[in-house]
Amino acid sequence: MADTIADTRRLFTKPQNLNDAYGPPSNFLEIDVSNPETIGVGRGRFTTYEIRLKTNLPIFKLKESRVRRRYSDFEWLRAELERESKVVVPPLPGKALARQLPFRGDDGIFDDSFIEERRQGLEQFLNKVAGHPLAQNERCLHMFLQDESVDKNYTPSKIRPA
């Protein structure tokens with residue numbers, strides 16, 4: 001049995017300059033879920049969330065976009081990704097069925113603290129999904145993040161990088 005000695009020499013690297021250190025990252029994808037708005041009255045009441053996307057990834061046709069989505073749109077996206085992609089899709093924040101019961105002492109699912117908790121959960125969900133390289137190829141994700149409205153009768157397909 002021969003004694004082996006590990007090679008611990010440093011690799012020769014190019015010195016980093018200020019542009020490398022403080023310039024824009026080579027690839028980035030930023031998604032924020034913000035500005036919840038509750039719309040309607042009675043049984044037709046729902047909350048929408050603004051989704052802002054900034055990226056330099058070539059697979060996205062728009063480098064910046066802003067759309068509004070409601071919780072049911074997130075449910076649709078999750079179901080489409082589970083059906084069409086090979087990605088393990090993380091769960092959405094819960095439906096909070098107990099908060100929808102009548103005669104509660106608060107606003108239920110329209111309570112500010114619940115809306116903020118849900119907003120954070122939806123943002124985490126979107127960042128996990130959109131950060132996955134296989135999910136980035138799914139047309140449903142692009143439509144959800146960048147089209148003004150979601151066409152739930154679309155034809156599932158893959159997006160090819162430009």
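Residues numbered from 1 in each chain as written. Predicted model: local features only at pLDDT ≥ 70, side-chain atom pairs only at ≥ 80, totals over all residues. Heavy atoms only, no water.

**Regarding the packing of helix H2 (residues 71–84) against helix H4 (residues 139–146)**
Put simply, H2 and H4 touch, their axes get as near as 9 Å, and they point 165 degrees apart. Taken as axis vectors, H2 and H4 run roughly antiparallel relative to one another. For the pair H2 and H4, the crossing hand works out as left-handed. Along the contact surface, H2 presents Asp73, Phe74, Trp76, Leu77, Glu80 and Leu81, while H4 presents Cys140, Leu141, Met143 and Phe144. Taken together, the residues of the contact of H2 with H4 sort by class into 8 nonpolar, no polar and 2 charged. (Axes fitted to C-alpha atoms, helices over the stretch in contact; angles between N-to-C directions. Helix = DSSP H or I, 4+ residues; strand = E, 2+ residues; numbered from the N terminus. Parallel < 35°, antiparallel > 145°, perpendicular 65-115°, else oblique. Left-handed = near helix turned anticlockwise from the far one by under 90°. Contact = heavy atoms within 4.5 Å. Nonpolar A, V, L, I, M, F, W, Y, C, P; charged D, E, K, R; others polar.)

**Quick word on the packing of aromatic side chains**
On inspection of all chains with the given rule, the structure shows 2 aromatic pairs. Relative to Phe144, the ring of Phe74 lies with its centre 5.0 Å away and its plane at 70 degrees, an arrangement referred to as edge-to-face. With a gap of 70 residues between them, Phe74 in helix H2 and Phe144 in helix H4 connect regions that are remote in the sequence. Just as Phe74 is buried, Phe144 falls in that class too. Measuring from ring centre to ring centre gives 5.7 Å for Trp76 and Tyr154, while their planes differ by 70 degrees; the resulting arrangement is edge-to-face. Taken together, the positions of Trp76 in helix H2 and Tyr154 in the segment after H4 put the pair 78 residues apart, joining distant regions of the chain. Each of the two residues, Trp76 as well as Tyr154, counts as buried. A cation sits over an aromatic face here: Arg70 above Phe46, 3.8 Å from the ring centre. (Phe/Tyr/Trp six-rings, centres within 6.5 Å; stacked < 30°, edge-to-face > 60°. Buried < 20%, exposed > 50% of the residue type's maximum accessible area, 1.4 Å probe, protein only. Lys NZ or Arg CZ within 6 Å of the ring centre and 35° of its normal.)

**Describing helix H3 (residues 112–130)**
Note on helix geometry: an α-helix contains 3.6 residues per turn, so any two residues three or four positions apart are oriented the same way. Here H3 is 19 residues long and its end C-alpha atoms lie 27 Å apart, about the 27 Å a rise of 1.5 Å per residue gives. Within H3, burial applies to Phe114, Ile115, Arg118, Arg119, Gly121, Leu122, Phe125, Leu126, Val129 and Ala130. Considering only its buried residues, H3 is in contact with strand S1 (29–39), strand S2 (46–55), H2 and H4. (Expected span 1.5 Å × (residues − 1).)

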